[in-house]
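Breakdown of the fold
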Amino acid sequence: MSPHTITLNDGRKIPFIGFGTGTALYGRDAEASVQRAIEVGVVHLDGAQLYGNEDSLGAAIAASGRPRDALWVTTKLGKVPEGTTVRETLVASLKKLRLEYVDLFLIHMPIHHADLAAVWRAMEECKDAGLARTIGVSNFRVQDYEKFMPTARIVPAVNQIEYHPYTAAWAAPIIEYQKQFNIVTASYGGLTPIVRKPGGPIDPVLETVRQRVERDAGKPVSAGQILGLWLKAQNVVEITTSSKVERIKEYLATETLPDLTSEEVAEIMEKGKTIHFRQFCKWLDE
Ligand SMILES: NC(=O)c1ccc[n+]([C@@H]2O[C@H](COP(=O)([O-])OP(=O)(O)OC[C@H]3O[C@@H](n4cnc5c(N)ncnc54)[C@H](OP(=O)(O)O)[C@@H]3O)[C@@H](O)[C@H]2O)c1
């Protein structure tokens, strides 16, 4: 089955489920994990210069033998070292990834750059040069967008943020801003309500919805899959990861489950918005 995709504002289609090489794999050799993920059907791989393991991601891609256009590969711009350019950092990433282009190149953190307008111009040049097919941002709030959007020639296609029911209230103004430019949200940390903050206000509704979907699907459904369906209903990309093959298969199987109703999406949203909890990038709340 070809994967579920979300269409971006540049017309390209990003696969809904991405396998991340940060968090659990941060600073570690990701080759075996990524290879396993590709073997069970993952086609979207999420890397970053800051994760320090692009070379192992590249090794796994090469070992998979998959044609280049069968995979979606993302990397993210870290801090740009003194005396280097954005483009040079991307060329160095491509060398490690053993690729001629990445599908998506994101500015990882707005706080790493003093002049976002200049950095965005350099991102645009990477796209013009064909080194990145699509460009975007990560961890950007409205005030970060405002620093470069007035001079942007190309609108970002994606903003990758921590998005789940417990950051939904915080993310609402960002998502509202992005609507006018058709910027797609990609979620990381999306399983936080069950993995890092269990016992929170969405638990009862998550269980009710899980039982409903399980009944309709006629097969076991997990709470994590309901969180995935909640993202899918909002056209949000799910960037996740796992050390376990069974769990990766479970993530991919989310695409085959019945969709949530708009009432179910709204109820999870409403209960989620009653608290705020983030696992990553705490500076975003300052
Ligand atoms: N742009 C950014 O600043 C940024 C920040 C953070 C992350 N990311 C990206 O997003 C990717 C995924 O991030 P994430 O790890 O936060 O994703 P996540 O989807 O929230 O969590 C995945 C983790 O949850 C565990 N898990 C899943 N289901 C579980 C269950 N039912 N019970 C217990 N544990 C369960 C998995 O462990 P098992 O190994 O046990 O399955 C895995 O380590 C990263 O690798 C990175 O690529 C980006």
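Report follows, based on the coordinates. Owing to the predicted nature of the structure, the values given are computational and were not obtained by experimental measurement. (Residues numbered from 1 in each chain as written. Predicted model: local features only at pLDDT ≥ 70, side-chain atom pairs only at ≥ 80, totals over all residues. Heavy atoms only, no water.)

**A word on the overall build of the chain**
Broken down by element type, the chain carries 11 helices and 10 strands. The globule rule puts the C-alpha radius of gyration for 286 residues at 19 Å, and the 18 Å found for the chain is close to it. Reported as C-alpha extents along the three principal axes, the dimensions of the chain are approximately 55 × 40 × 30 Å. Here the chain holds 286 residues, and 54% of them are scored as buried. For the chain, restricting intrachain contacts to residue pairs at least 6 apart in sequence, the fraction spanning at least 24 positions comes to 76%. Working note: accessible area of the chain is about 12,300 Å², and carbon and sulfur atoms make up 51% of it. When the 33 basic and 35 acidic side-chain charges of the chain are each reduced to a single mean position, those positions are 2 Å apart. (Helix = DSSP H or I, 4+ residues; strand = E, 2+ residues; numbered from the N terminus. Rg over C-alpha atoms; globule rule 2.2 N^0.38 Å. Buried < 20%, exposed > 50% of the residue type's maximum accessible area, 1.4 Å probe, protein only. Contact = heavy atoms within 4.5 Å. Areas by Shrake-Rupley, 256 points an atom, 1.4 Å probe, with all protein chains shown as cover. Lys, Arg positive; Asp, Glu negative; His and termini not counted. Charge placed at Lys NZ, Arg CZ, Asp CG, Glu CD.)

**Concerning the environment of Pro-258**
Looking at the element boundaries, Pro-258 is found in the loop between helix 10 (245–253) and helix 11 (262–272). The exposure class assigned to Pro-258 is partly exposed, which follows from its relative accessible area of 25%. Considering only alpha carbons, one finds Pro-258 and Trp-170, 88 residues apart in sequence, at a separation of 28 Å. Setting aside anything within four residues of it in sequence, one finds Pro-258 in contact with Arg-212, Val-213, Asp-216, Ala-217 and Leu-229.

**Section: the layout of surface pockets**
When its volume is computed, the largest pocket comes out at roughly 800 Å³. As for the largest pocket, its lining consists of 38 residues, and the residues nearest its centre are Thr-23, Ala-24, Arg-196, Thr-241 and Phe-280. Put simply, the parts of the chain that give the lining of the largest pocket at least two residues each are helix 1 (31–39), helix 7 (192–195), strand 10 (237–240) and helix 10. At 3 residues, the largest contribution of residues to the lining of the largest pocket is made by helix 10. In terms of residue class, the lining of the largest pocket is built from 14 nonpolar, 16 polar and 8 charged. Considering only enclosed or pocket space, the second largest pocket measures out at about 220 Å³ in volume. As for the second largest pocket, its lining consists of 13 residues, and the residues nearest its centre are Ile-183, Val-184, Thr-185, Gln-234 and Asn-235. (1 Å grid on protein atoms, 1.4 Å probe; cavity = no way out; pocket = protein on both sides within 12 Å on 5 of 7 lines; lining within 4 Å. Points joined across faces, edges and corners; volume = space filled by probe spheres on them. Nonpolar A, V, L, I, M, F, W, Y, C, P; charged D, E, K, R; others polar.)

**What about the pairing of strand 10?**
The alternating pattern of strand 10 places Val-237 and Ile-239 on one face and Glu-238 and Thr-240 on the opposite face, and all of these are buried. One ladder, built from 3 bridges, connects strand 3 (residues 17–20) with strand 10; its direction is parallel. When the sheet's bridge partners are listed, Ile-17 is paired in strand 10 with Glu-238. (Pairing = 2+ DSSP bridges.)

**Considerations on the site of the ligand**
In the region of the ligand, 26 residues are neighbours, and Asp-46, Thr-240, Ser-242, Ser-243 and Lys-244 sit closest. Between the ligand and the protein, one listed contact pairs an oxygen atom with a backbone N or O atom of Leu-191 at 3.1 Å. One nitrogen or oxygen atom from the side chain of Arg-196 is found 3.0 Å from an oxygen atom belonging to the ligand. In isolation the ligand has 910 Å² of accessible area, and contact with the protein removes 84% of it. A majority-of-atoms criterion places the ligand in the largest pocket. Going through the elements one at a time, strand 10 and helix 10 are the ones with two or more residues in the shell around the ligand. (Near = heavy atom within 4 Å. Polar contact = N/O pair within 3.5 Å; in protein donor to acceptor, adjacent residues only side chain to side chain. Sits in = over half its atoms within 2 Å of the grid points.)

**A few points about the packing of aromatic side chains**
Using the criterion set out here, one finds 9 aromatic pairs in the structure. With 5.3 Å between their ring centres and 20 degrees between their planes, Tyr-163 and Trp-230 make a pair best called stacked. You can see Tyr-163 sitting in the loop between strand 8 (158–162) and helix 6 (168–179) and its partner Trp-230 sitting in helix 9 (residues 223–233), a full 67 residues away along the chain. Taken as a pair, Tyr-163 and Trp-230 share a single burial class, namely buried. (Phe/Tyr/Trp six-rings, centres within 6.5 Å; stacked < 30°, edge-to-face > 60°.)

**Thoughts on the side chain of Lys-232**
Along the polypeptide, Lys-232 turns up in helix 9. We classify Lys-232 as buried; its relative accessible area is 13%. If sequence neighbours within four positions are ignored, Lys-232 has contacts with His-4, Phe-16, Glu-255 and Asp-259.

**Remarks on the pattern of salt bridges**
Within the structure shown, the criterion is met by 15 salt bridges. Among the salt bridges present, the one from Arg-212 reaches Glu-264, with a minimum N-O distance of 2.7 Å. Here Glu-264 lies in helix 11 and Arg-212 lies in helix 8 (residues 203–217), a separation of 52 residues in the sequence. Pair check on accessibility: Arg-212 and Glu-264 agree, each one buried. Between Glu-246 and Lys-249 there is a salt bridge, with the nearest N and O atoms lying 3.7 Å from each other. One end of the pair is Glu-246 and the other is Lys-249, both in helix 10 and 3 residues apart, which spans about a single turn. The class for Glu-246 is exposed, based on a relative accessible area of 56%. Among the charged side chains, a salt-bridge network with shared partners connects Arg-12, Arg-68 and Asp-103. (Salt bridge = Lys/Arg side-chain N within 4 Å of Asp/Glu carboxyl O.)

Honestly, that's just the spatial picture; any functional story needs more than this.
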